[in-house]
Amino acid sequence: MADNMFTSERFKLISDYLKEHGRATVDELAKILYVSPATVRRDLSEMQKLGMIQRTHGGAVFVDEVDEVNIFVRIEKNASDKEKTASIALKAIPSFNTVFIDNSSTCLALAERLDFRYKTIITNGLQLAMKLSNKKDVKVIFLGGVIQYSSYSTDGSFADEMLNKFRIDLMLSSCAAIKEDGTYEPTIETMQIKHSAFLRSDKHILLVDKNKFANSYPYRTQKLEDYDAIYTNAGDEILQPSRDKGHTNFINK
């Protein structure tokens, strides 16, 4: 094999290897394919954009192992951490009439415990929209757009255009990964719709369970200081590096 092997062939070999082994490093894949590490990195970046795999620090994992793949998987995975995060946030949700809630499983855990009577909810999450539409005296506005089966949500230009029609009191959102310089998502489309909702909202609350601090994704949505509050079940030892940089909006108790 060589660097000039057809890209589709490499993609299949990489996908098959990750499916069997779960994860691999760049160097490991380079040796298996007899190509340069630079070629592997380019391939992994393209495969991530296509939703085939998820990049990690120094390698990749098979897409079925990724936290942010499917809403039904995410509801079950790390469910206890999500419930704890939702419980912490529940204590201090500000008053609102209109709220945007993203399609995250952590926000879903919170939404199931909030009283939305006589409120308007705007969301791109199919699961959330279906749950809340069954409640009495609750108005649910579902954003049109391209339905993403993997995340059970909508995104794209139509969803963005709809968001621009609203003035929103409160935004409740999560993220795929959180770093000291901001929140991150696995796709441009997810980043864009959350950024659009952010711009249309007066207050912004982030819910992020402790597992998101170990994730790594390429597209930054917002800086940490942009959020009015960040609720998490992460311990002080995880939060300290961010707090040392002046991010005092973390609440974990």
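See the structure shown above.
Residues numbered from 1 in each chain as written. Predicted model: local features only at pLDDT ≥ 70, side-chain atom pairs only at ≥ 80, totals over all residues. Heavy atoms only, no water.

Chemist: Quick one: what's the story with helix 5 (residues 79-90), residue by residue and with numbers?
Modeler: The terminal C-alpha atoms of helix 5, which comprises 12 residues, lie 16 Å apart, in line with the 16 Å expected from a rise of 1.5 Å per residue. Looking only at helix 5, the buried set comprises Asp81, Lys82, Thr85, Ala86, Ile88 and Ala89. All buried residues of helix 5 fall inside an arc of 160 degrees around its axis, so they share one side. (Helix = DSSP H or I, 4+ residues; strand = E, 2+ residues; numbered from the N terminus. Expected span 1.5 Å × (residues − 1). Buried < 20%, exposed > 50% of the residue type's maximum accessible area, 1.4 Å probe, protein only. Arc of directions from axis to C-beta.)

Chemist: Please give an account of the pattern of salt bridges that cites residues and values.
Modeler: Evaluation of the coordinates by the stated rule reveals 13 salt bridges. The partner of Lys131 in a salt bridge is Glu112, and the shortest N-O contact between them spans 3.2 Å. Here the residue Lys131 occupies a position in helix 7 (residues 126-133), and Glu112 occupies one in the loop between helix 6 (105-111) and strand 5 (120-123), the gap between them amounting to 19 residues. When the shortest N-O distance is used, the salt bridge between Arg117 and Asp115 registers 2.8 Å. (Salt bridge = Lys/Arg side-chain N within 4 Å of Asp/Glu carboxyl O.)

Chemist: Describe the packing of aromatic side chains, and please don't skip the residues or the numbers.
Modeler: Taken as a whole and judged by the stated rule, the model has 3 aromatic pairs. Between Phe96 and Phe116, the aromatic rings sit 6.2 Å apart at their centres with planes inclined by 55 degrees, giving tilted as the arrangement. Of this pair, Phe96 sits in the loop between helix 5 and strand 4 (98-101) while Phe116 sits in the loop between helix 6 and strand 5, and the two are 20 residues apart along the sequence. The burial state of Phe96 is the same as that of Phe116; both residues are buried. Each ring, one from Phe198 and one from Tyr227, has its centre 5.5 Å from the other, and the planes form 90 degrees; the classification is edge-to-face. Taken together, the positions of Phe198 in helix 9 (residues 188-200) and Tyr227 in the loop between strand 13 (219-220) and strand 14 (229-231) put the pair 29 residues apart, joining distant regions of the chain. Accessibility classification places Phe198 together with Tyr227 in one group, the buried group. We note Lys119 situated over the ring of Phe96; from NZ or CZ to the ring centre the distance is 5.3 Å. (Phe/Tyr/Trp six-rings, centres within 6.5 Å; stacked < 30°, edge-to-face > 60°. Lys NZ or Arg CZ within 6 Å of the ring centre and 35° of its normal.)

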